[in-house]
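Close look at the chain arrangement
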Amino acid sequence: KDWDKISYRITSILPSKVVTSFATVLKGLKQALAGFMKAQAILTSITAGTVLCGLLVLRVDHAVTIAVITGAVDLMPYVGSGMIFIPWIIYMFLTGKYSLTIGLAILYMLVIIQRQMLEPKLLSTNIGLDPLATLISLFIGFQLFGFLGLIIGPVALVILNTLHQAGVFYEIWRFINEPKNTA
């Protein structure tokens, strides 16, 4: 309720350069979040479309429903579509439906390969980062924080990139190296 009052008081106290830098960083973070959501929506749509086409070729009942559910589950990193396909493939194998087992396994491999190839490029394009930097941030985030690091790594990279674009690091460096008056 009092957001406008609080933000006015804070901006009146802080130097204008800090307020401008903060606004630039906040704007960059909002754009990166929107880009991340857009990239995930595109990846999910591509996965659902691929699964739908594959299931139609395999003549599976309820292909549309399964494709939509697989697309939604695909939002979870590492688990993703495997949560649907792996138990399904095992069940089909155990029930002796080997042709469907092979078809589902091929479709699952196609979905995995497609996602692995498209995700870094789509994330980097929509967030505004280099694809290699995005891959490195995913790897480092996973190594440091495990499953949660797949989110923390790219978010940290986005924050660092936004701070760099806003000139915050330059201003800090300039402040550190500025000659001090010792009078």
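Since this is a predicted model, take the numbers as computed values, not measurements.

Looking at the overall build of the chain
Assigned secondary structure in the chain consists of eight helices and zero strands. Ordered by position in the sequence, the α and β elements of the chain form the string α-α-α-α-α-α-α-α. Expected size for 183 residues packed as a compact globule is a radius of gyration near 16 Å; at 23 Å, the chain overshoots this value by more than 25%. Considered along the principal axes of its C-alpha atoms, the chain spans approximately 90 × 35 × 25 Å. The buried share among the 183 residues of the chain stands at 32%.

Here's the deal with the packing of helix H6 (residues 131–145) against helix H7 (residues 149–165)
What describes two packed helices is the angle between their axes and the distance between those same axes. In the contact formed by H6 and H7, the axes pass within 7 Å of each other and the chain directions differ by 130 degrees. Comparing the axis directions of H6 and H7 gives the class oblique. Taken as a pair, H6 and H7 cross one another with a handedness that is right-handed. Here H6 contributes Ala133, Thr134, Ser137, Leu138, Gly141, Phe142 and Phe145 to the contact with H7, which in turn contributes Gly149, Leu150, Ile152, Gly153, Pro154 and Leu157.

Focus on the packing of aromatic side chains
Summed over all chains, the structure comprises three aromatic pairs. Arranged with centres 5.5 Å apart and planes meeting at 65 degrees, the rings of Phe93 and Tyr98 form a pair that is edge-to-face. Look at Phe93 and you get partly exposed, because its relative accessible area is 46%. Using a relative accessible area of 48% as the deciding quantity, one classes Tyr98 as partly exposed. Taken together, Phe85, Trp88 and Tyr108 form an aromatic cluster joined through their ring pairs.

Here we look at the packing of helix H2 (residues 16–57) against H7
Look at H2 against H7: their axes get within 9 Å of each other, and the N-to-C directions meet at 140 degrees. If you check the angle between H2 and H7, you find them oblique. With respect to the hand of their crossing, H2 and H7 are arranged in right-handed fashion. In this structure, H2 contributes Thr24, Val25, Gly28, Leu29 and Ala32 to the contact, and H7 contributes Val158, Ile159, Thr162 and Leu163. Of the residues assigned to the contact of H2 with H7, the class counts are six nonpolar, three polar and no charged.

What about unusual backbone geometry?
The phi dihedral of Arg59 falls on the positive side, at around 55 degrees, and the residue is not glycine. For Arg59, the position within the fold is in the loop between H2 and helix H3 (63–73). Here Arg59 falls in the exposed class, since its relative accessible area comes to 74%. One non-glycine residue, His62, lies in the positive phi region at around 60 degrees.

Some points on the side chain of Thr162
Tracing the chain through its elements places Thr162 in helix H7. Excluding residues that lie within four positions of it along the chain, Thr162 makes contacts with Thr24, Val25, Gly28 and Leu29.

Here's the deal with the nonpolar core
Of all hydrophobic cores here, the largest spans 14 residues; its most connected members are Val51, Leu55, Phe85, Trp88 and Leu104. For this core, the elements supplying multiple residues, two or more each, are H2, H3, helix H4 (82–94) and helix H5 (98–127). Considering every element that reaches this core, the biggest residue donor is H5, with five residues. Not counting residues within four places of it along the chain, the set of residues in contact with Trp88 comprises Leu55, Val60, Ile66 and Leu104. Counting eight residues, the second-largest nonpolar core is a separate cluster that includes Ala32, Ala39, Leu122 and Leu129.

Calculation rules
Here the residue numbers are simple positions, counted from 1 along each chain's written sequence. Local features are withheld for residues below a pLDDT of 70 in this predicted model, meaning they are given only at 70 or higher, and side-chain atom pairs are given and counted only at 80 or more; totals for whole chains, interfaces and linings count all residues. In computing side-chain values, all of the structure's heavy atoms are included and hydrogens and water are not. Note on conventions: DSSP H or I runs of at least 4 residues are helices, E runs of at least 2 residues are strands, and numbering of each starts at the N terminus. Radius of gyration: C-alpha atoms only; globule rule: 2.2 Å multiplied by the number of residues to the exponent 0.38. When accessible area is computed with a 1.4 Å probe and restricted to protein chains, residues below 20% of their type maximum are described as buried, those above 50% as exposed, and intermediate ones as partly exposed. Interaxial angle, 0 to 180 degrees, is taken between N-to-C directions of lines fitted to C-alpha atoms, where a helix line uses only the stretch in contact. Reported orientations rely on four angle classes, namely roughly parallel under 35 degrees, roughly antiparallel over 145, roughly perpendicular from 65 to 115, and oblique for the rest. We call a crossing left-handed when the near helix sits turned anticlockwise from the far one by less than a right angle, and right-handed when that turn is clockwise. Contacts: residue pairs with any heavy atoms within 4.5 Å of one another. For Phe, Tyr and Trp, rings pair up if their centres lie within 6.5 Å, where Trp contributes its six-membered ring, and each pair is then called stacked (planes under 30 degrees apart), edge-to-face (over 60) or tilted (otherwise). The nonpolar class holds Ala, Val, Leu, Ile, Met, Phe, Trp, Tyr, Cys and Pro. Asp, Glu, Lys and Arg form the charged class, and all remaining residues, Gly among them, are polar. The nonpolar core is taken to be a set of buried Ala, Val, Leu, Ile, Met, Phe, Trp, Tyr and Cys residues, with the residues joined through side-chain atoms within 4.5 Å.

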